[in-house]
Amino acid sequence: MALGTTLRASLLLLGLLTEGLAQLAIPASVPRGFWALPENLTVVEGASVELRCGVSTPGSAVQWAKDGLLLGPDPRIPGFPRYRLEGDPARGEFHLHIEACDLSDDAEYECQVGRSETGPELVSPRVILSILVPPKLLLLTPEAGTMVTWVAGQEYVVSCVSGDAKPAPDITILLSGQTISDISANVNEGSQQKLFTVEATARVTPLSSDNRQLLVCEASSPALEAPIKASFTVNVLFPPGPPVIEWPGLDEGHVRAGQSLELPCVARGGNPLATLQWLKNGQPVSTAWGTEHTQAVARSVLVMTVRPEDHGAQLSCEAHNSVSAGTQEHGITLQVTLSSFSVPAVPPSAIIILGSASQTENKNVTLSCVSKSSRPRVLLRWWLGWRQLLPMEETVMDGLHGGHISMSNLTFLARREDNGLTLTCEAFSEAFTKETFKKSLILNVKYPAQKLWIEGPPEGQKLRAGTRVRLVCLAIGGNPEPSLMWYKDSRTVTESRLPQESRRVHLGSVEKSGSTFSRELVLVTGPSDNQAKFTCKAGQLSASTQLAVQFPPTNVTILANASALRPGDALNLTCVSVSSNPPVNLSWDKEGERLEGVAAPPRRAPFKGSAAARSVLLQVSSRDHGQRVTCRAHSAELRETVSSFYRLNVLYRPEFLGEQVLVVTAVEQGEALLPVSVSANPAPEAFNWTFRGYRLSPAGGPRHRILSSGALHLWNVTRADDGLYQLHCQNSEGTAEALLRLDVHYAPTIRALQDPTEVNVGGSVDIVCTVDANPILPGMFSWERLGEDEEDQSLDDMEKISRGPTGRLRIHHAKLAQAGAYQCIVDNGVAPPARRLVRLVVRFAPQVEHPTPLTKVAAAGDSTSSATLHCRARGVPNIVFTWTKNGVPLDLQDPRYTEHTYHQGGVHSSLLTIANVSAAQDYALFTCTATNALGSDQTNIQLVSISRPDPPSGLKVVSLTPHSVGLEWKPGFDGGLPQRFCIRYEALGTPGFHYVDVLPPQATTFTLTGLQPSTRYRVWLLASNALGDSGLADKGTQLPITTPACCLGFTEGYLPPLGPSGLPLLPVLFALGGLLLLSNASCVGGVLWQRRLRRLAEGISEKTEAGSEEDRVRNEYEESQWTGERDTQSSTVSTTEAEPYYRSLRDFSPQLPPTQEEVSYSRGFTGEDEDMAFPGHLYDEVERTYPRHLSMVLTPLFACQGPWDLHWPEDTYQDPRGMYDQVAGDLDTLEPDSLPFELRGHLV
């Protein structure tokens, strides 16, 4: 029971759900996953449009596709600046908004949703965005804006062409506001795809009512709000209406003699307005008229006085204009009434002869003479020359106004001798005795010519076509003058009116010479003149001649049995020579290749020539397309050939030509053109390019365009574009494919270069440089060594190897001098070349600097001073320093000893600072040992007490003149205190010494002046500090000198004595004496000052507890430095024995910023060591490769070191100051009247 209840409840719930779902409205047109779909839209160019896309899964990646090209999910849509995605992505709104639409936007679009965690991949139905492009202009023919003149009733053609538009516009042509029905329109392709132009042609027959009206061309399009128009004004010419004579009164034509009559004539309409004239009995009597354009009326008024003889006169008004088919007239016959009170005599107004006075000889001439009405009647008589002729009949009739008309008829025989005589009819009457009335005619008797003949080429002479032939027809006598008519085969010869034939026939006029008449016929012979009969006729006489003309074929025609050919078809061509004289030989050739044909028998042809035919059979291929098959008709007798050709039209599928380029080279970021050399008939309908399976859009893309020739144009080429491109060509006959390779060249990029590269001294190593480049050239690798000297840059002892993308610089037996910076340069012809630095590190055992023979450091042993010992070595890898004192390892845990180690590339230094120096404990020999993985080296440094300076050494002459000598020396150990120098000299044979202080005090060069020429001197050099001088007993401080004579050309600083020549000698001597006094005073002052300092020092030493010991040590040291004076005869050289080398504490400091413990040692060495085989920074990375337990302090050379940017000293004696002027900053500069504080301690 419970189970049944549960089942029924489930079924009921299912039914309710089914009914609810059935009632839920789900649009069938919306696919699952979309809540809004794009629709087909049509917009006008320049407008904005939005394609809607609503997605039910907002988190999905949505993008639009245009004609299959994905635009990407970026809302800004790169590459399409007018496109963007609008809407809230969180709500699933991805509407495509397009600004300022143009024709490129006319495409199919679809909204695509990528697969996501919340939904599958979705694609909306494709919709079409149609862009309407309005026509921008209309081209009207005749030109718009002008006035066009037409004639009413005639048909004219008007054309109207629209500009590019989409869709094709509808064109309507209207005249006078009425649509023209007879119009045809052709739709053509525009300047771009999808654009159209329309050419409408209308046939217009204007009416007079269309005059001054507009002819309008209207173009309407869905893209236009209102049609665009172009128009011109029509000026229609049409004839005027019939003239109307406005007769005054009711009785038209009835007037009285003597009445003044004014008759207006009016003609309405017409363009132009009518031209009016009055005629009386057919003779013009008035041609004056006026026009009224506003009323379109022409008016003329005839003013006349009526006379009796005007009775029966016909008055007419004629109207016409330039387009009238004929003259329109309105006539009135005058009825003149005479007055009854007078009948005066009225003579005849005219005498008229009726009939022709021209007649053929021996035939009768019949004439009638009629007089006008007269009162009374007149008599008539005839005269021929001076001979009176008797009339055949005379008649009198009643005339107008009671007058009489007389008529006389005459018949006589025309004779040749009467030709040219005057025939006169005379009227006379007794009432008119004072005047005679006559009418005369000239008798013209016609008679034929007496003889007729033709002069020209003799018959039977062969004339070549194109020959100019002159035929002359001559006749003697004849009246009228013979017309001399020329006939060709019974047809009258006339000159052609066509310009191209104006020179073909020239027919002269009849010329007269006496009684001989002639007419010339000049013609250029042609085929039609062959065997033609040329006849000249003069009346009944005629003469003929016949021409024999040779001519090449008048026409060579080629007949084909087929028009459309395909490869393999057989084509039969027949060449027909229509007519020639003589017969010709026919031959065939195809593009210069002779073909064999079959000849047909000759037959008769027009112009009495002969026709020929010859056939040829061809098997055509695609290579024959466009080739010309030529038929040549050759006349051996005329030596002339007439040719005609038939161009083969072979339909075949596309074929790539032999010159088709298969590999195209381009440079990265440049342009590339993949050309197409294809032959096809008909031309290829489409060129489809495919790259890596992706078909390139025929409409183009951001970086490609397919040209009309099918070539693929790429720009901004990248190396990713390198590869094979497949070209597919198609026409109605088939398809063809080709593969083109694009080889993109790009500049080299160094991918791998081991920096630094290390090698032991004497070993071999390769510096390997690996690049990515295209093309890979054999010689694209080059190497440079960076150095200031050209010798350092030489790579002659190194081997250069290049294989593919890898270049090697191989170094054999590495030397220290080869360490340094090298540059790998790769240039494959594509700019820019690649460059990268690599450092070669040559590892070697330590090399400690060994000052010769001993390094000494001086310090006061009073347990309050400190001393710093410097030890410097070179070596790679880094060096570890150890110190010993008198051979016993130094306990650096002792707080009195502090060591600082510095590493600068391959140069290393150790500074050992001894605090509270004790003479008993610390005056000893210290040994510095430098060790690395490749070996060790050591040097000794002796710590001694401060003392007098050692004598300088190496005194030598560097320049010599008659009056001066330049000296140079090396300073000795300064005893730990600042030292200065004094020169003592004497002239041999002259008692007394001269003293000169060296300025500046620490200088090591000095020029001694005031000497005499050709004099022997001895010079001594003394060094002194606060504790005393060095003495004169050293052999290196005494130097004999002999000055040269003045005549040897020495002029520098030399002033010759003035003598009898008159020059002032006394002032010069006074000046020299003053200088000597000043020099002696300075030397004496210096000696006194040194003695004072020595006494002061001795006084201090007496106060110390260990004074006797100090004196002993000092005396022993002084005695060891004294060597005694030695006189030598050399005057140009100094002693050159080896002197001890001392390095002053203050002249040495590592090229590193000081630590906190070393601030007091900031004043230090500032020189530069030129013996280094490599720059310090080249070993920076090597230092980082070694363990930290070596206690290195790494500071790259290129780092900014501020005020502590110091240098190593040079191994030369260029510093004039004392080597040990100050010890670790403990000694202050000595004042001239005080003793340094350190001298007040205990001295040993």
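What you see is a predicted model, and the numbers here were worked out from it, not measured in a lab.

1. What to know about the overall build of the protein
(1) Moving on: Helices and strands together make up the secondary structure of the protein, namely five helices and 92 strands.
(2) Moving on: In the protein, which comprises 1244 residues, the share counted as buried stands at 44%.
(3) Moving on: Taking as baseline every contact in the protein between residues at least 6 positions apart, the subset at least 24 positions apart corresponds to 67%.
(4) Moving on: Counting every atom, the protein has about 64700 Å² of accessible surface; 53% of that belongs to carbon and sulfur.

2. Things to note about the nonpolar core
(1) Moving on: F34, W64, Y83, L96, I98 and Y109 are the most contacted members of the largest nonpolar core, which has 29 residues in total.
(2) Moving on: Put simply, the parts of the chain that give this core at least two residues each are β3 (49–51), β5 (62–66), β7 (83–86), β8 (95–98), β9 (107–113) and β11 (127–132).
(3) Moving on: In contact with L96, other than residues within four places in its own chain, are V49, E50, L51, W64, I77, Y83, R84, L85 and Y109.

3. With respect to the packing of aromatic side chains
(1) Moving on: Tallying each qualifying case throughout the model produces eight aromatic pairs.
(2) Moving on: On the numbers, 4.8 Å between centres and 10° between planes, the contact of W150 with Y156 is stacked. The same class applies to W150 as to Y156, namely buried.
(3) Moving on: Joined through ring pairs, the aromatic side chains of W150, Y156 and F232 make up one cluster.
(4) Moving on: The ring centre of W453 lies 4.9 Å from the NZ or CZ of K451, which sits over that ring.

4. Regarding the sheet that holds strand β85 (residues 953–960)
(1) Moving on: Across the sheet, three strands lie side by side as β85-β86-β89; this open sheet has antiparallel pairing. Of all the strands in the sheet, the pair left with one neighbour each is β85 and β89 (1005–1009). Pairwise comparison of adjacent strand axes, ignoring direction, gives a mean angle of 25° for this sheet.

5. Things to note about the state of the cysteines
Here, disulfide denotes a covalent bond that connects the sulfur atoms of two cysteines.
(1) Moving on: What the rule picks out here adds up to eight disulfides.
(2) Moving on: The disulfide partner of C160 is C217, and the S-S distance across this bridge is 2.0 Å. Note on the C160 and C217 pair: the S-S dihedral is about -85°, so by sign convention the disulfide is left-handed. Here C160, found in strand β14 (residues 156–162), pairs with C217, found in strand β19 (residues 213–220); they are 57 residues apart in sequence, far enough to count as distant.
(3) Moving on: By relative accessible area, C160 is classed as buried at 0%.
(4) Moving on: According to the relative accessible area criterion, C217 is buried, its value standing at 0%.
(5) Moving on: Between the sulfur atoms of C871 and its disulfide partner C928 the distance amounts to 2.1 Å.

6. Things to note about the environment of G1031
(1) Moving on: When you line up the elements, G1031 lands in the loop between β91 (1028–1029) and β92 (1038–1042).
(2) Moving on: When its relative accessible area of 15% is taken as the criterion, G1031 is described as buried.

7. What about the environment of L727?
(1) Moving on: As for its placement among the helices and strands, L727 is situated in strand β68 (residues 723–731).
(2) Moving on: Among all residues touching L727, those that are not within four sequence positions of it are F656, V676, F687, N688, W689, A736, E737 and A738.

8. A look at the pairing of strand β84 (residues 935–944)
(1) Moving on: Note: strand β77 (residues 855–858) against β84, four bridges, orientation parallel. The residue of β84 that forms the bridge with A858 is V944.
(2) Moving on: The antiparallel hairpin formed by strand β83 (residues 925–932) and β84 contains two residues in its connecting segment.

9. Some points on unusual backbone geometry
Leave glycine aside and you will find that most residues have negative phi; peptide bonds, for their part, are mostly trans.
(1) Moving on: Of note, the bond from T141 into P142 is cis; its omega dihedral lies within 30 degrees of zero at 5°.
(2) Moving on: Among the secondary structure elements, P142 is positioned in the loop between β12 (138–141) and β13 (147–151).
(3) Moving on: Here the amide bond leading from L999 into P1000 is cis, since omega sits at -5°, within 30 degrees of zero.
(4) Moving on: One can find P1000 in the loop between β88 (994–997) and β89.
(5) Moving on: Its identity as a non-glycine residue notwithstanding, N362 has a phi of 65°, on the positive side.
(6) Moving on: Given the relative accessible area of 55%, N362 is considered exposed.
(7) Moving on: A positive phi angle, close to 60°, is found at S863, a residue other than glycine.

10. Focus on the sheet that holds strand β21 (residues 244–245)
(1) Moving on: The strand order across the open sheet built from four strands is β21-β23-β27-β26, with neighbouring strands paired in antiparallel fashion. Edge strands, defined here as strands with exactly one partner in the open sheet, are β21 and β26 (290–292).
(2) Moving on: Looking at chain direction, strand β23 (residues 260–268) and strand β27 (residues 297–305) are connected through nine bridges and run antiparallel. The partner of L261 across the bridge, within β27, is M304.

11. Quick word on the pattern of salt bridges
(1) Moving on: Enumeration according to the criterion identifies 46 salt bridges in this entry.
(2) Moving on: For K512, the salt bridge goes to E481, with nearest N and O atoms at 3.5 Å. With K512 in strand β47 (residues 511–513) and E481 in the loop between β43 (468–476) and β44 (485–488), the pair connects residues that are 31 residues apart, well separated along the chain.
(3) Moving on: A relative accessible area of 53% places K512 in the exposed class.
(4) Moving on: Here R839 ties to D755 by a salt bridge, and the two come within 3.3 Å at their closest N and O atoms. Of the two residues, R839 sits in strand β76 (residues 834–848) while D755 sits in the loop between β69 (734–753) and β70 (757–760), which places them 84 residues apart along the sequence.
(5) Moving on: Residue classification places R839 among the buried residues on the basis of a relative accessible area of 10%.
(6) Moving on: Looking at D755, the relative accessible area reads 30%, which means it is partly exposed.

12. What about the pairing of β70?
Note on strand geometry: in a regular strand, side chains alternate between the two faces of the sheet.
(1) Moving on: Residues T757 and V759 of β70 are buried on one face, while the alternating residues E758 and N760, pointing to the opposite face, are not.
(2) Moving on: Two elements, β70 and β76, share four bridges in a ladder whose sense is parallel. Looking at the pairing, V759 lines up with V842 of β76.

13. A short note on the side chain of E361
(1) Moving on: Inspection of the secondary structure puts E361 in the loop between β32 (358–360) and β33 (364–371).
(2) Moving on: Reaching out from E361, the side chain makes a polar contact with the side chain of R416 at a distance of 2.7 Å.
(3) Moving on: Not counting the four nearest positions on each side in its chain, E361 is found in contact with A414, R416, V445, K446, Y447 and P448.

14. Some thoughts on the environment of A345
(1) Moving on: As for its placement among the helices and strands, A345 is situated in the loop between β30 (335–337) and β31 (351–354).
(2) Moving on: We classify A345 as exposed; its relative accessible area is 52%.
(3) Moving on: Spatially, the C-alpha atom of A345 lies 7.6 Å from that of S374, the residues being 29 residues apart in sequence.
(4) Moving on: Contacts of A345, omitting those with residues within four sequence positions, involve R375 and F432.

15. Concerning the side chain of K166
(1) Moving on: Here K166 shows up in the loop between β14 and β15 (170–175).
(2) Moving on: Engagement of the side chain of K166 in a polar contact is seen with the side chain of D106, the distance being 2.9 Å.
(3) Moving on: Within polar-contact distance, the side chain of K166 engages the backbone oxygen of I131 at 3.2 Å.

16. Let's talk about the confidence of the model for the protein
(1) Moving on: For the protein, the average pLDDT comes to 80, and 79% of its residues sit at 70 or higher.
(2) Moving on: This model gives residues 1–29 a pLDDT under 50, and the stretch forms one contact once residues within four places in sequence are excluded.
(3) Moving on: Contacts from residues 1096–1244, a stretch scored under 50 in pLDDT, to residues over four places away or in other chains number 331 contacts.

About the criteria used
- Residues numbered from 1 in each chain as written.
- Predicted model: local features only at pLDDT ≥ 70, side-chain atom pairs only at ≥ 80, totals over all residues.
- Heavy atoms only, no water.
- Helix = DSSP H or I, 4+ residues; strand = E, 2+ residues; numbered from the N terminus.
- Buried < 20%, exposed > 50% of the residue type's maximum accessible area, 1.4 Å probe, protein only.
- Contact = heavy atoms within 4.5 Å.
- Areas by Shrake-Rupley, 256 points an atom, 1.4 Å probe, with all protein chains shown as cover.
- Core = buried A, V, L, I, M, F, W, Y, C linked by side-chain atoms within 4.5 Å.
- Phe/Tyr/Trp six-rings, centres within 6.5 Å; stacked < 30°, edge-to-face > 60°.
- Lys NZ or Arg CZ within 6 Å of the ring centre and 35° of its normal.
- Pairing = 2+ DSSP bridges.
- Axes fitted to C-alpha atoms, helices over the stretch in contact; angles between N-to-C directions.
- Disulfide = S-S within 2.5 Å.
- Salt bridge = Lys/Arg side-chain N within 4 Å of Asp/Glu carboxyl O.
- Polar contact = N/O pair within 3.5 Å; in protein donor to acceptor, adjacent residues only side chain to side chain.
- pLDDT = per-residue confidence, 0-100.

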